[in-house]
Amino acid sequence: EAIPDSMREGSRALGATKLQTIWHVILPMGMPNIITGLILALGRVSGETAPILFTCAAYFLPQLPTSIFDQCIALPYHLYVISTSGTDMEAQLPIAYGTALVLILIILLVNLLANALRKYFEKKIKTN
């Protein structure tokens, strides 16, 4: 809906098929909005703990998962487990800070990459 109807109509008036209009007009013009949606989704998902708790989380894993269907332990859940366990918090505090730092760095890097991609596609649209 963010793409003006005149762009669609102009493409169709020039003889483009519906698929060509979608591929060459609508998708390139909508790419910055799509990437912005992905940025918001990735930021939200990377910090969520509750869905992980109820779907695939394991409290402790002695080895890495070998299948996509194996149980996993994600960084938000790992941070939750460390911060809510009441045993020897002073020894676990550096691990909790390290986990939080890694989680924040991953979110920051994903957001920076997504912003760079969004700016790239916006610049590409302006030159066309």
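The model shown is predicted, which means the values in this text are computed figures rather than measured ones.

Enquirer: Would you explain the overall build of the protein in this entry?
Expert: Helix and strand content of the protein: five helices and zero strands. Written out in order from the N terminus, the α and β elements of the protein read α-α-α-α-α. The C-alpha radius of gyration of the protein comes to 22 Å, more than 25% above the 14 Å expected for a compact globule of 128 residues. Per-residue burial for the protein yields a buried fraction of 17% across its 128 residues. Within the protein, contacts between residues separated by at least 24 positions form 49% of all contacts whose residues are at least 6 apart in sequence. Taken as a whole, the protein presents about 9700 Å² of accessible surface, with 68% of it coming from carbon and sulfur.

Enquirer: Would you explain the pattern of salt bridges in this entry?
Expert: Close approach of charged atoms allows side chains of opposite charge to pair. For the structure shown, the criterion picks out one salt bridge. Between Asp5 and Arg8 there is a salt bridge, with its nearest N and O atoms 2.9 Å apart. One end of the pair, Asp5, and the other, Arg8, are both in helix H1 (residues 5–13), three residues apart, so they sit about a helical turn from each other. The partly exposed category is assigned to Arg8, whose relative accessible area is 25%.

Enquirer: Help me understand the environment of Val25, please; the structure alone is not making it clear to me.
Expert: Mapping Val25 onto the fold places it in helix H2 (residues 18–47). Its relative accessible area of 15% is what places Val25 among the buried residues. Counting along the chain gives 100 residues from Val25 to Ile125, while the straight-line C-alpha distance between them is 9.8 Å. If sequence neighbours within four positions are ignored, Val25 has contacts with Met7, Ser11 and Gln20.

Enquirer: Would you take a moment to explain a nonpolar patch on the surface for this structure?
Expert: Together, Ile22, Trp23, Leu27, Ile34 and Leu38 give the surface a local cluster of nonpolar side chains, amounting to about 480 Å² of exposed area. The residue Leu38 is located in helix H2 in this model.

Enquirer: What's the story with the packing of helix H4 (residues 75–84) against helix H5 (residues 89–127) in this structure? I'm lost.
Expert: Each packed pair of helices is defined by two parameters, the angle between the axes and the distance between the axes. Where H4 contacts H5, the two axes come as close as 9 Å, and the packing angle between them is 160 degrees. When the axis of H4 is compared with that of H5, the two are roughly antiparallel. You can see that H4 and H5 cross each other, and the crossing is left-handed. For the pair formed by H4 and H5, the contact residues are Leu75, Pro76, His78, Leu79, Ile82 and Ser83 on the first element and Met89, Gln92, Ile95, Ala96, Thr99, Ala100, Val102, Leu103 and Ile106 on the second. Here the residues of the contact of H4 with H5 sort into 11 nonpolar, four polar and no charged.

Enquirer: Teacher, can you tell me more about the environment of Ile35 here?
Expert: Its location among the elements puts Ile35 in helix H2. Classification of Ile35 by relative accessible area gives buried; the value is 7%. Beyond its immediate sequence surroundings of up to four residues, Ile35 is in contact with Ala114, Leu117, Arg118 and Phe121.

Enquirer: Hey, could you run me through the side chain of Thr21 in this one?
Expert: With respect to the element layout, Thr21 can be found in helix H2. Within polar-contact distance, the side chain of Thr21 engages the backbone oxygen of Thr17 at 2.9 Å. When sequence neighbours within four positions are dropped, the list of residues in contact with Thr21 reads Arg8, Ser11, Arg12, Ala16 and Ile26.

Enquirer: Before we go on, may I ask you to explain the side chain of Thr99 in this structure?
Expert: Locating Thr99 in the fold gives a position in helix H5. Excluding its chain neighbours within four sequence positions, the residues that come into contact with Thr99 are Leu75, His78, Leu79 and Ile82.

Reading the values: the criteria
Residues numbered from 1 in each chain as written. Predicted model: local features only at pLDDT ≥ 70, side-chain atom pairs only at ≥ 80, totals over all residues. Heavy atoms only, no water. Helix = DSSP H or I, 4+ residues; strand = E, 2+ residues; numbered from the N terminus. Rg over C-alpha atoms; globule rule 2.2 N^0.38 Å. Buried < 20%, exposed > 50% of the residue type's maximum accessible area, 1.4 Å probe, protein only. Contact = heavy atoms within 4.5 Å. Areas by Shrake-Rupley, 256 points an atom, 1.4 Å probe, with all protein chains shown as cover. Salt bridge = Lys/Arg side-chain N within 4 Å of Asp/Glu carboxyl O. Patch = residues over 30% accessible without salt bridge, like charges linked within 9 Å, V, L, I, M, F, W, Y side chains within 5 Å. Axes fitted to C-alpha atoms, helices over the stretch in contact; angles between N-to-C directions. Parallel < 35°, antiparallel > 145°, perpendicular 65-115°, else oblique. Left-handed = near helix turned anticlockwise from the far one by under 90°. Nonpolar A, V, L, I, M, F, W, Y, C, P; charged D, E, K, R; others polar. Polar contact = N/O pair within 3.5 Å; in protein donor to acceptor, adjacent residues only side chain to side chain.

Function cannot be inferred from these measures alone, as they are strictly geometric.
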